[in-house]
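So the chains spell out like this:
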Amino acid sequence: MPGEKEKLLMYSVNMEKKSPIGVFDSGYGGLTILKEIVQVLPEYDYLYLGDNARTPYGSRSFDVVYHYTNEAVRKLFSLGCPLVILACNTASAKALRTIQQTDLPLIDVKKRVLGVIRPSVEALALYSRTRHVGILATRGTVASESYPLEIEKLYGPGVFYVTQKACPMWVPLVENNELSGIGTEYFVKKYIEELFDCDPLIDTVVLGCTHYPLLRELILRYVPQGVKVIGQGHIVADSLKDYLKRHGEMESVLSKQRTVRYLTTEQPDLFVPMAGMFMGEKIEAEHISI
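An account of the accompanying structure is given in this report. None of the values given here were measured: they were computed from a predicted structure.

Examining the packing of helix 2 (residues 30–40) against helix 14 (residues 268–279)
When two helices pack together, their arrangement is given by the angle between the helix axes and the distance between those axes.
Phase 1: Interhelical geometry of helix 2 versus helix 14 gives an angle of 50 degrees and a closest axis separation of 9 Å. Considered as vectors, helix 2 and helix 14 are oriented oblique to each other. Remark: the crossing between helix 2 and helix 14 carries right-handed chirality. Counting all contacts with helix 2, which are made through Leu31, Thr32, Leu34 and Lys35, the residues of helix 14 involved are Phe271, Ala275, Phe278 and Met279.
Phase 2: Classifying every residue of the contact of helix 2 with helix 14 by side-chain character gives six nonpolar, one polar and one charged.

See below:
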């Protein structure tokens, strides 16, 4: 049987014949983004990389998140991906801008890295009437101020009133498959009530972590009636579809064999059951070092 190095070599040779879209997340959450992208753009090839061995990213420093994300992006580039989606709010908040502005010009000016925050912010104008919006996210994303800064950058100062709330218990609950029950309901209700105590005029809530859609039913139960709850999956998928329409030079180099492959920095037997839950289907995965 071939060892890990031999398998990766064979994999790399095989991938040279393809140019898949790379999708990166610190763990499992990005699978909610990948699932929507594949539904909207099923004809392309995709390569998902979860850095499960080093998750979570949410509580780590800017420097560490940038370092880890940069390593993952370079790995996906080396495996043939000309375009990488950071399907992780923390990586998008703490690493995307530096990678785009500093690293890409040195790596390859034709390659691209996109995030999930900008598309989510662009969608706010379609949903919010009161212009009071809430952001539910990890501590790292909240601390980065990426959402308020991006909102102000896009719409101007004072157009939106933004309230953020960190939900540190939600990711562990999801990753332990605790999607219901007394404990989960307690923490969902707690964070939502604290958000609306800060601003009762909020009419739109952004789920600013890709794990949170798995708690959507509970979240909808506790937000006030009439409040819109925005998941990022369909927004990012639609944004990517538009991006490829506008950038024919990128679209033309992407391979279209309708394949999805999964890589994890953890052991596959640990990754596969949870990943299958996120994707809603049985999947196979390979171990990789980055």
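Side note on the sheet that holds strand 8 (residues 228–230)
Sheet strands line up and pair through hydrogen bonds in the backbone, either parallel or antiparallel.
Phase 1: Pairing within the open sheet is parallel, and its four strands lie in the order 6-5-7-8. With one partner strand each, in any of the chains shown, strand 6 (161–166) and strand 8 form the two edges of the open sheet. Across the sheet, the mean angle separating the axes of adjacent strands is 20 degrees when strand polarity is ignored.
Phase 2: Note: strand 5 (residues 132–137) against strand 7 (residues 204–207), four bridges, orientation parallel. Its bridge partner being in strand 7, glycine 134 is matched across the sheet by valine 205.

Observations regarding the environment of valine 162
Phase 1: Inspection of the secondary structure assignment puts valine 162 in strand 6.
Phase 2: Residue class for valine 162 comes out partly exposed when judged on its relative accessible area of 24%.
Phase 3: Spatially, the C-alpha atoms of valine 162 and phenylalanine 187 are 22 Å apart, while their sequence positions differ by 25 residues.
Phase 4: Each residue touching valine 162, except ones within four places of it in the same chain, is listed here: Val133, Ile135, Pro148 and Ile151.

Considering the sheet that holds strand 9 (residues 260–264)
Phase 1: As summarised here, the arrangement of the six strands in space is 4-3-1-2-9-10, forming an open sheet in which the pairing is parallel. The open sheet has two edge strands, strand 4 (112–114) and strand 10 (286–287), and neither has a second partner.
Phase 2: Both strand 1 (residues 21–25) and strand 2 (residues 46–50) contribute to a ladder of five bridges, which runs parallel. Pairing of glycine 22 across the sheet is with leucine 47, part of strand 2.
Phase 3: Each of strand 1, strand 3 (83–86) and strand 4 touches helix 12 (residues 233–246); the most contacted strand, strand 3, lies at about 155 degrees to it.

The rules behind each value
- Residues numbered from 1 in each chain as written.
- Predicted model: local features only at pLDDT ≥ 70, side-chain atom pairs only at ≥ 80, totals over all residues.
- Heavy atoms only, no water.
- Axes fitted to C-alpha atoms, helices over the stretch in contact; angles between N-to-C directions.
- Helix = DSSP H or I, 4+ residues; strand = E, 2+ residues; numbered from the N terminus.
- Parallel < 35°, antiparallel > 145°, perpendicular 65-115°, else oblique.
- Left-handed = near helix turned anticlockwise from the far one by under 90°.
- Contact = heavy atoms within 4.5 Å.
- Nonpolar A, V, L, I, M, F, W, Y, C, P; charged D, E, K, R; others polar.
- Pairing = 2+ DSSP bridges.
- Buried < 20%, exposed > 50% of the residue type's maximum accessible area, 1.4 Å probe, protein only.

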